[in-house]
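Fold and contact review
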Amino acid sequence: MPLYVAHFVVEIEDQWIDLTVEAGRRTHFKYFVHAQLFVAENAEAAYAKAILWVDGFGDAIHDGPGDVTTYRGIGLHDLEEILHLESSSKELEEIYGIDVGVVAFGETKPEVRQREALDVFRNAD
């Protein structure tokens, strides 16, 4: 079975009260790419699975009145086929696969690519 890694673009929005500015609130955005390793039957199945997971990277944290951090999954940065496995580990078949790390982009928003621009489809014969 093919082994894939999906790279998800996640946006972090920090908001806090700041009465020294006209709006009374400050907002700051940061971005990172979160990678998940998983198995799928083929590239189409991998893409369908990864697209369903994008919203799963959303969350919010409230650190008291006027202070909120919101996480949003905003799309795929890339999807790659890594290798074919003869037999797979049970962890690879779990709902979100295996967490293989995060790449921080700071204030630079990573590119969210359309299906055709993802590695697994770019290199298909």
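If you're wondering where the values come from, they're calculated on a predicted model, not measured in any experiment.

Observations regarding the pattern of salt bridges
Applying the stated criterion to the full structure yields nine salt bridges. A salt bridge links Arg72 to Glu11; the shortest N-O distance between them is 3.7 Å. With Arg72 in strand E4 (residues 67-84) and Glu11 in strand E1 (residues 2-17), the pair connects residues that are 61 residues apart, well separated along the chain. We classify Glu11 as buried; its relative accessible area is 11%. Asp14 serves as the salt-bridge partner of Lys30, at 3.8 Å between the closest nitrogen and oxygen. Residue Lys30 is located in strand E2 (residues 25-39), and its partner Asp14 is located in strand E1; the two are separated by 16 residues in the primary sequence. Among the charged side chains, a salt-bridge network with shared partners connects Glu11, Glu13 and Arg72.

Points about the environment of Ala50
Along the chain, Ala50 turns up in helix H1 (residues 43-53). Judged by its relative accessible area of 0%, Ala50 falls in the buried class. Taking the C-alpha atoms as reference points, Ala50 and Ala40, separated by 10 residues in sequence, lie 10 Å from one another. Setting aside anything within four residues of it in sequence, one finds Ala50 in contact with Ala6, Phe8, Phe38 and Leu76.

Re the side chain of Asp14
Judged by relative accessible area, Asp14 falls into the buried class, the value being 17%. Among the polar contacts made by the side chain of Asp14, one reaches the side chain of Thr69 at a distance of 2.7 Å. In this structure, Asp14 is in contact with Arg26, Thr27, His28, Lys30, Val68 and Thr69, ignoring residues within four places of it in sequence.

Overview of the environment of Phe38
One can find Phe38 in strand E2. Along the backbone, Phe38 and Glu94 are 56 residues apart, and their C-alpha atoms lie at a distance of 8.1 Å.

What to know about the nonpolar core
It is characteristic of soluble globular proteins that their nonpolar side chains tend to be buried jointly. Core analysis: the largest hydrophobic core is formed by 19 residues, its most contacted members being Tyr4, Ala6, Phe8, Phe38 and Leu79. Where this core is concerned, the elements lending two or more residues are E1, E2, H1, E4 and helix H2 (119-122). Here this core gets five residues from one element, more than from any other, and that element is E1. Setting aside chain neighbours within four positions, we find Phe8 in contact with Phe32, Val33, His34, Gln36, Ala50, Trp53, Val54, Phe57, Gly75 and Leu76. Within the second largest apolar cluster, five residues are counted, among which are Leu3, Val5, Ala35 and Val39.

So, the packing of aromatic side chains
Taken as a whole, this structure holds five aromatic pairs when the rule is applied. Between the aromatic rings of Phe8 and Trp53, the centroid separation amounts to 6.3 Å while the plane-to-plane angle is 40°, which identifies the pairing as tilted. With a gap of 45 residues between them, Phe8 in strand E1 and Trp53 in helix H1 connect regions that are remote in the sequence. As far as burial versus exposure is concerned, Phe8 and Trp53 are alike and both buried.

Parameters and conventions
Each chain carries its own residue numbering, running from 1 in the direction its sequence is written. Residue-level local features of this predicted model are given only where pLDDT is at least 70; pairs of side-chain atoms are given and counted only at 80 or more, and the full residue set underlies all totals for whole chains, interfaces and linings. Excluding hydrogens and water, the side-chain figures rest on all heavy atoms present in the structure. A pairing counts as a salt bridge when a side-chain nitrogen of Lys or Arg comes within 4 Å of a carboxyl oxygen of Asp or Glu. Think of it this way: any DSSP run of H or I at least four residues long counts as a helix, any run of E at least two long counts as a strand, and we number them from the N terminus. Each residue is assigned to one of three classes by its accessible area relative to the maximum for its type, calculated with a 1.4 Å probe on protein chains only: buried under 20%, partly exposed between the two thresholds, exposed over 50%. Note on definitions: a residue-residue contact is assigned when non-hydrogen atoms from the two residues lie within 4.5 Å. The definition of a polar contact used here is a pair of N or O atoms within 3.5 Å, where within protein one atom must be able to donate a hydrogen and the other to accept one, and adjacent residues in sequence count solely through side-chain atom pairs. Definition of nonpolar core: a set of buried residues of the types Ala, Val, Leu, Ile, Met, Phe, Trp, Tyr and Cys, connected through side-chain atoms within 4.5 Å. Centre distance within 6.5 Å is the pairing criterion for rings of Phe, Tyr and Trp, where only the six-membered ring of Trp is used; planes under 30 degrees apart are then read as stacked, over 60 as edge-to-face, and the remainder as tilted.

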